[in-house]
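Examining the three-dimensional arrangement
Spelled out, the chains give:
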Amino acid sequence: METTSRCSSNDHLVVIGNGMASHRLIEALVKQPTRPQRITVIGAEPSPAYNRILLSPLLAGEMQQEALTLRDTQWYAEQGVTLILGEKVEMLDRARQTLTTDSGRSLDYDHLVIATGSRPALPDVPGIELEGVHGFRNLQDAESLEAIAQRGGDAVVIGGGLLGLEAAEGLRKRGSDINVSVLQRSERLMNRQLDTTAAHLLKDTLTQRGLQIITGAHLARLESNAQGRVAKLHLADGRQLNASSVIVAAGITPNAELGRQADLRTDRAIVVDEWLTTSDPAISALGECCQFDGTTYGLVEPIWRQVEVLAATLCGTHTQGYADAPSATKLKISGVALYAFGPTEASAEHEVLNYHDIERGDYRRLLLRDGQIEGAVLYGDTSQGPWYFEQALAGTDLNAYRQALLFGGADVEVLREASQHSPDSSELSSKHSSHTTSEAA
Ligand SMILES: Cc1cc2nc3c(=O)[nH]c(=O)nc-3n(C[C@H](O)[C@H](O)[C@H](O)COP(=O)(O)OP(=O)(O)OC[C@H]3O[C@@H](n4cnc5c(N)ncnc54)[C@H](O)[C@@H]3O)c2cc1C
């Protein structure tokens, strides 16, 4: 499908936010000969965009801060991109096509991209604003968490999802005298990605490492000490936990305030169409601050595809519109291999294939519908994860190779080849069947 250019090369393109989406967009634009010549990027953080994903290994002490750097300020200058850092855009005037920052700076734009990301969602409970309660979103947060780990004491992480577990394990690894607990509302860790068995395996591993994992935990309130610092957490069932620090990792809230203030169409985030255009044709939105077709975002994979569409749209080159596609999840905790995508619960139409080698802690579970993989959870040996994901995206009918499926791509290829040379491949298939337990959902 062909698109129209939203920017001419003489236009002034202004990008609000200098995070991962903004940075990737600039990288894509500067490669295009038809790019807008005047580009200004305004970021609230004091440093140029960095690899936010790597904040977890940074906290765990597995990486130096320099390794997170994407491009330095000089690179932006060399690309003819004006980079303004440490300033937050506070107001948009759509009629005049201007914006104002918190330092009083005013800028005109011809086209605007809002890429303001999101922030940690705070549970609506008394005491959440107390001193000693932190998020885990940026370099400053990583520094604060590192200081907590060094200081020691009782740290409680609220949220047993990807981010909460990475934060908890980072704190534990970094501190010598720290007790780290994780509160998870659901009965299982990473309940959006893992089934019960994989969640138990993960819980066992993390517990053995020294984390205290409390599932089915409903936070009721935070209590302060005489100095107004958080000191205790109260759960709805009456349990209490000492807490010298609290880290909130229980979801994200899109930074959509600029869209609301400027009366753009918003819902949970700034609503965009398949070209990432908001309800104002002169304004696009991108990344975690945008919402497409009812979906908001929390992983980079879909954002990279949004960037491709928006860069092409802005430069007037051919592209398909953005469409959502499944994403796979990996946990960045060293020594824990976990790969998952698709639904965790089997419906009546699903067939479940699973394999569990208890001694090796190796678990694989596939959800199939009409012979096609719709979901997978791999714990232990995750090497076949990307192959399963590829098959799921391609919608490959794997029904004929079900018995080899749990062993991954290479075994399926053997069967495929065998079936091409001989119509009876049952001998090869039966080799695997003793390891495979298949249950109808
Ligand atoms: C610790 C951690 C680990 C993660 N691990 C993974 C992972 O393993 N895999 C994965 O896919 N994703 C991961 N993510 C999520 C990933 O980092 C985000 O999806 C990605 O950063 C989103 O990009 P973004 O540009 O939309 O938002 P951000 O990267 O947050 O960038 C938004 C920027 O806009 C700035 N800003 C906000 N408001 C304004 C304003 N008014 N004016 C100017 N600037 C403003 C913000 O300060 C920020 O710098 C992780 C996130 C964290 C925090």
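Below is a summary of the structure that appears in this document. (Residues numbered from 1 in each chain as written. Predicted model: local features only at pLDDT ≥ 70, side-chain atom pairs only at ≥ 80, totals over all residues. Heavy atoms only, no water.)

Some thoughts on the overall build of the chain
Per the secondary structure count, the chain includes twelve helices and 26 strands. Taking 441 residues into account, the globule formula puts the C-alpha radius of gyration at 22 Å, and the chain, at 24 Å, falls close to it. Buried positions account for 51% of the 441 residues belonging to the chain. Counting contacts in the chain only where the partners sit at least 6 residues apart, residues at least 24 apart contribute 64% of the total. (Helix = DSSP H or I, 4+ residues; strand = E, 2+ residues; numbered from the N terminus. Rg over C-alpha atoms; globule rule 2.2 N^0.38 Å. Buried < 20%, exposed > 50% of the residue type's maximum accessible area, 1.4 Å probe, protein only. Contact = heavy atoms within 4.5 Å.)

A word on the packing of aromatic side chains
With the rule as written, the count across this model stands at seven aromatic pairs. Ring centres of Trp75 and Tyr76 lie 5.1 Å apart, and the angle between their planes is 85 degrees; on these two criteria the pair is classed as edge-to-face. Accessibility classification places Trp75 together with Tyr76 in one group, the buried group. Ring centres of Tyr355 and Phe407 lie 5.7 Å apart, and the angle between their planes is 70 degrees; this geometry places the pair in the edge-to-face category. Of this pair, Tyr355 sits in strand β23 (residues 351–357) while Phe407 sits in the loop between α10 (402–405) and α11 (409–421); the two residues are 52 residues apart in sequence, bridging distant segments of the chain. Grouped by ring-pair contacts, the aromatic residues Phe292, Tyr297 and Tyr322 constitute a single cluster. In this structure, Arg24 is placed above the aromatic ring of Trp304, and the distance from its NZ or CZ to the ring centre is 4.1 Å. (Phe/Tyr/Trp six-rings, centres within 6.5 Å; stacked < 30°, edge-to-face > 60°. Lys NZ or Arg CZ within 6 Å of the ring centre and 35° of its normal.)

Structural notes on the sheet that holds strand β13 (residues 219–224)
Taking strand neighbours across the sheet as the criterion, the three strands line up as β13-β14-β15 in an open arrangement whose pairing is antiparallel. Each edge of the sheet is formed by a strand with only one pairing partner; in this case those strands are β13 and β15 (240–242). Each adjacent strand pair in this sheet contributes to an overall mean axis angle of 20 degrees, direction not counted. Pairing of β13 with strand β14 (residues 230–235) involves five bridges; the strand directions are antiparallel. What sits directly across from Ser224, in β14, is Val230. (Pairing = 2+ DSSP bridges. Axes fitted to C-alpha atoms, helices over the stretch in contact; angles between N-to-C directions.)

Topic: the nonpolar core
Counting residues in each nonpolar core, the largest one holds 53 residues, and the members touching the most others are Leu25, Ile26, Leu92, Leu99, Leu112, Ile114 and Leu286. Among the elements that make up this core, the one with the highest residue count is helix α8 (residues 300–315) (eight residues). Ignoring anything within four residues of it in the chain, the contact list for Leu92 reads Ile16, Thr98, Leu99, Leu112, Ile114, Leu258, Gln261 and Ala262. Listed in part, the 41 residues of the second largest apolar core include Leu68, Phe136, Ala198 and Leu202. (Core = buried A, V, L, I, M, F, W, Y, C linked by side-chain atoms within 4.5 Å.)

A look at the packing of helix α5 (residues 162–174) against helix α6 (residues 196–209)
Pairs of packed helices are described in terms of their axes, by the angle between the two and the distance that separates them. At a closest axis distance of 11 Å, the pairing of α5 and α6 adopts a crossing angle of 20 degrees. Judged on the interaxial angle alone, α6 and α5 are roughly parallel. The handedness of the crossing between α5 and α6 comes out as left-handed. Facing Leu165, Glu169 and Arg172 of α5, the residues of α6 in contact are Leu202, Leu206 and Arg209. (Parallel < 35°, antiparallel > 145°, perpendicular 65-115°, else oblique. Left-handed = near helix turned anticlockwise from the far one by under 90°.)

Considering the sheet that holds strand β3 (residues 81–85)
Spatial strand order, β3-β2-β1-β7-β19: five strands in an open sheet with parallel pairing. Of all strands in the sheet, those bounded by a partner on one side alone are β3 and β19 (283–285). Neighbour-to-neighbour, the strand axes of the sheet open up by a mean angle of 15 degrees, direction not taken into account. Where strand β7 (residues 111–114) lies against β19, three bridges are found, and the strand directions are parallel. Each bridged residue has a counterpart across the sheet, and for Leu112 the counterpart in β19 is Ile283.

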